[in-house]
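Below are the chains, spelled out letter by letter.
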Amino acid sequence: MPISILPPRRAHTSKVAEFSRSSYDDDRSAAEEGEADVDMEGDIPMSGALQRNKRGGRTSIVTPGEVVTDDPQWMRGHGTYLAVAEEGEEVGTRIVATVAGTVTKVNKLLSVKPLRARYTPDIGDLVVGRIMEVQSKRWKVDINSTQTAHLLLSSINLPGGILRKRTSTDELQIRTFFSEGDLLVAEVQSLFQDGAASLHTRSLKYGKLRNGYFVKVDAKGIQRSKSHVLTLATANGGGEVDVILGVNGYVWIAKKTSLSDGKKDGKEVSITRLEEEASEAIYSSVNEFIAPATRREIARVGNCVRALVRHDVRVDEEMLNAVYEAAVEESMEERGDADESLDGDGGRRCVEKALGLDLFSGEFKDK
Amino acid sequence: MAPSTLTTLISPAELSYLRSSLALVPPIRPDARTPTQFRPLVAEIDILPSTNGSARMVWGDGGECVVGIKAEVEPTEPTSYGKRRNWVEVGVEVQGQRDDDPLGVFLGMTVGESLLTPTSTLTERLVITPKFHWKLYIDILLITPPLSHPATLLSLSTNLALRSTRIPRLISESDEDPIFDDDWDASIPLYSITSQLPPITLLVVSVEERNIFFDPTREELSVGDCVLAISLASSPAHDAPKVIGVRTLESGTGGIAADAKDGVVAASIGGVKRRVIKRIIKESLSVGKEVFESLQGVVDAN
Amino acid sequence: MTDRRRINGPSEGTTPPVFASAVVTKPTPTRAPDSLRKIFLKTSLTPPATGSAFLELPSPAPYPNSSTLKITASVYGPRPLPSSAAFSPHARLTAELKFAPFSTPHKRRGYVRDAVERDLSVQLQNALVKSIKTGAYPKSGIDVFITVLDCEGGLDGDDDEGVEVGLMGVLAGAITCASAAVADAGIECVDLVSGGVAALVKRPQNSDAMDTDGMNAPMLVLDPSPADGYQILSAAVVGYMAGREEVTLLWTKGSVGILDGEEDELDLLMDGAIMTATAVRLVLNEAVKERMLLGLARSKGKLKEDGGGDVAMSS
């Protein structure tokens, strides 16, 4: 049946949020493995085995206006403010939350991380962005954040390494690099005063994106981690597929090419030779030939990423590989109602298989 | 969430990849659906107690649409200027857009047009007495417009809402002013089992000669050669639905140069051969039949 | 307070007299079902515009002063987009169709744009944009303005059961007229789009020929006019590029099914409309060439007077 109309899912009755639940671990802390914390939209309490909280103790959920602590030893971080001093106090020590989220404590820093929020750029983040506007010496890039980021002409690799007078570029020439609508992968170099990010692509592994497919997911599904450029070895003769997970929720899935490695002849390119090694090809919009088998696998990987985020599982290399394998197995089984798009039940099954547990009840399944 | 202009930007490399994927035989859609597969939908009817009929539908990409139908008694104008066409008024509101936005206008007209074809008996059922008739107000609210074109979502929601519409039962004589039964349980459904069902509109995209896709995403719409909105009506007596209207929609405005430069795929220029259109319409008949069956399932379940 | 200085008209305004129509029955069609009306099409009539055209279709009814279809088209462009507009690598085509307030016979239309005009404008744009090489004109805009001076017989079908074919006729005429204007403006196109309408009507009772299909089978009529007096079951308008044999616009109304036999009613309608559009295309070509030839002949004549130049043209 090509069309399936389902009745709406019952809204879960929410139990009072005193249940502690594991938060998304902040990857800035050391020795972090990609553990999936499953958080359903309902408030179903999870079995104790899932509550892996390394730092011990319970983390709680706070709402705006709630006092988190009044212990003076804590420094306040994002998502909080210092309450005004009351009578009898010299200086206010009460830390009050400004967003609804989980309390995270890193050393002496106390911050409240909202459950869902727009991506806020941080220096060093790898992001995928789309050019929105072309101005005389820079581009404005959409990175799914509160503000558009800027990409200065001086922050990109100019092909051929010719020393150019950057002051006298006219509109047409600047569009030969990036034009409106182009997708690129870049790193956040710095932040402006108002919080807008400034990007740079000064490495061969950054730059214009081609040979693939763009997926947009919720930014909370992609956490900062060591590596954001994954390579999957795909089944069914698809070859190798690169997955670029932008921290801002933009994901690029493409066929692996020699250029995307950032290496030339298998060796890293040193920064002094960057301008000479970068050629015209890095700004070309022409795709290579991509075999149908690879396209199919690219579509499958895209569906896996979407399915993971839909079921509130963080996307990282281990999980993605596991869900992908589950998806390949599902399609091999040749069920009558094969749903390759993983939108409905099919996606849930794959995610469950990968996690090894039942998403609704939170119990482990026998593998 | 108003549709933002950001969603209309797409890079030449992406378009080229999409187009070449969709032009393959067999085609590969970016989300691996089959060409006739729809994204999962959620639907419910009879949700607004103050209306004569209502429905709500949530589309695969999050678009949500609520339709409410109210009926009011109106005196029938004796002259020929009182066209029966005016007995049904369709209003479409897309949150975040102006009232006279072309999209809203187009959608309203498509829905209105398809309801008032010569063969639909709807206006006859709206007659109360020779002097009075029901005026049907169909108000469509697109709460979150879907990222793709909302025509199908609207028409399916309207179809469900119409099928859940009930009209109060008349208890007065035909030459008096109309008086109705207060008991809502005695009300008559507007669409009975034997009457022709309200129509639906399907969006179809074609790429190259042979590939035809249903429920297209926004990107698929922008690389297609031809985008048609096909309105279908079905009646329980017939097997296959009938085509009651075809409209051409904008396509291929992906923002890339019309000339092929450096291998970047050219924007579609030129039209489509007539045999492609004929093939599209034939395919939509069979898909339309399944859609009607599926909708029937929703109505039966309630 | 009455104004005694002037002789005023009645304060409420007057309505024009409405004469009781002597003809009670609907007019019977006098044309053959597949005959097309003669089109009058002329270009370059509006000097300020880059390109312009005027189209007129006679009404089939033999009454004097019967309304005809009159459409003018003006094309401006390609002209630069305002600097505030976003960069666009191809020309931006906008089409606007307006009915003059006096164009409908019964009721005066206001100046306010309503849904019908908006809808027709969008359809016209869809029909034209596929034929113009917009990629050759980056950062520019092409504006097409269509004014309907007279739409024969009104837009709403008199008969509630009939499909409003007047509107489709207007669209078909507008497409043809706009194409002529675009060609007159010298804008690069891959082909010219012409508009054609066809309808399936109820076979009239007094038809001479008893067809083998039986009396109930609908009849195909090309280039129908609201004044013809048919009872229209379904109709289609196409925008057709006859050179490339491609359809850029298809708009149908009315229920179509499968006729007895293998013929699909929709196929019949579409083929009929395409046939009409192909015939219209010949007129379109002639009209576009006419102005060129006139200009050529004049310059040729002028050159001869001046003692000849080095322009050698074949007649």
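Residues numbered from 1 in each chain as written. Chains lettered and ligands numbered in written order. Predicted model: local features only at pLDDT ≥ 70, side-chain atom pairs only at ≥ 80, totals over all residues. Heavy atoms only, no water.

Asker: Give a description of the interface of chain B and chain A that names residues and reports values.
Answerer: Opposite the 37 residues of chain B that make contact, chain A presents 38 residues. Roughly 3200 Å² of surface becomes buried between chain B and chain A when both sides are summed, with 62% attributable to carbon and sulfur atoms. Across the contact surface, chain B and chain A share one salt bridge. A salt bridge links E14 of chain B to R130 of chain A, with the shortest nitrogen-to-oxygen separation between them at 2.8 Å. Run the count over chain B and chain A and you get seven residue pairs in polar contact (both at pLDDT 80 or more). Secondary-structure elements contributing two or more residues to the side of chain B that touches chain A are α1 (12–23), β1 (41–45), β2 (53–58) and α6 (274–301) of chain B. A per-element tally of the side of chain B that touches chain A places α1 of chain B first, with seven residues. Residues that form the side of chain B that touches chain A fall into these classes: 21 nonpolar, seven polar and nine charged. (Contact = heavy atoms within 4.5 Å. Buried area = accessible area lost by both parts, 1.4 Å probe. Salt bridge = Lys/Arg side-chain N within 4 Å of Asp/Glu carboxyl O. Polar contact = N/O pair within 3.5 Å; in protein donor to acceptor, adjacent residues only side chain to side chain. Helix = DSSP H or I, 4+ residues; strand = E, 2+ residues; numbered from the N terminus. Nonpolar A, V, L, I, M, F, W, Y, C, P; charged D, E, K, R; others polar.)

Asker: Provide a residue-level description of α1 of chain B, including the pertinent values.
Answerer: Residues and elements named next belong to chain B. With twelve residues, α1 ought to run about 16 Å at 1.5 Å a step, and its terminal C-alpha atoms sit 16 Å apart, in line with that. In terms of burial, α1 is largely enclosed, as ten of its twelve residues are buried. Every buried residue belonging to α1 is among P12, A13, E14, L15, S16, Y17, L18, R19, S21 and L22, and all of these are buried. (Expected span 1.5 Å × (residues − 1). Buried < 20%, exposed > 50% of the residue type's maximum accessible area, 1.4 Å probe, protein only.)

Asker: Provide a residue-level description of the nonpolar core, including the pertinent values.
Answerer: Soluble globular proteins tend to pack their nonpolar side chains together in the buried interior. If you look at the biggest cluster of nonpolar residues, it comprises 94 residues, and the most contacted ones within it are M57, L160, V243 and V291 of chain B. Ranked by size, the runner-up nonpolar core spans 57 residues in total, among them F99, L124, I146 and V182 of chain C. (Core = buried A, V, L, I, M, F, W, Y, C linked by side-chain atoms within 4.5 Å.)

Asker: Provide a residue-level description of the pairing of strand β4 (residues 92–99) of chain C, including the pertinent values.
Answerer: Residues and elements named next belong to chain C. Residues of β4 alternate between two faces, with L93, A95, L97 and F99 buried on one and R92, T94, E96 and K98 left unburied on the opposite face. When β4 meets strand β5 (residues 140–150), the two strands line up parallel, connected through eight bridges. Considered in β5, the bridge of F99 is made with V148. (Pairing = 2+ DSSP bridges.)

Asker: Please provide a residue-by-residue account of empty space enclosed by the protein, values included.
Answerer: Residue and element names in this part refer to chain C. Following the criterion strictly, the structure yields 14 cavities of 30 Å³ or more and no others. In this model, the largest cavity occupies a volume close to 160 Å³. As for the largest cavity, its lining consists of 16 residues, and the residues nearest its centre are I39, L57, G195, D223 and V280. For the lining of the largest cavity, the secondary-structure elements that each account for two or more residues are β2 (51–57), α2 (165–184), β6 (193–201) and α3 (265–306). (1 Å grid on protein atoms, 1.4 Å probe; cavity = no way out; pocket = protein on both sides within 12 Å on 5 of 7 lines; lining within 4 Å. Points joined across faces, edges and corners; volume = space filled by probe spheres on them.)

Asker: Tell me about a nonpolar patch on the surface, and please be specific about residues and values.
Answerer: Taken together, the side chains of M75, V106 and L109 of chain A make up a nonpolar region of the molecular surface, amounting to roughly 250 Å² of accessible area. By the element assignment, M75 of chain A lies in strand β4 (residues 75–76). (Patch = residues over 30% accessible without salt bridge, like charges linked within 9 Å, V, L, I, M, F, W, Y side chains within 5 Å. Areas by Shrake-Rupley, 256 points an atom, 1.4 Å probe, with all protein chains shown as cover.)

What is shown is where atoms sit, not what they do.
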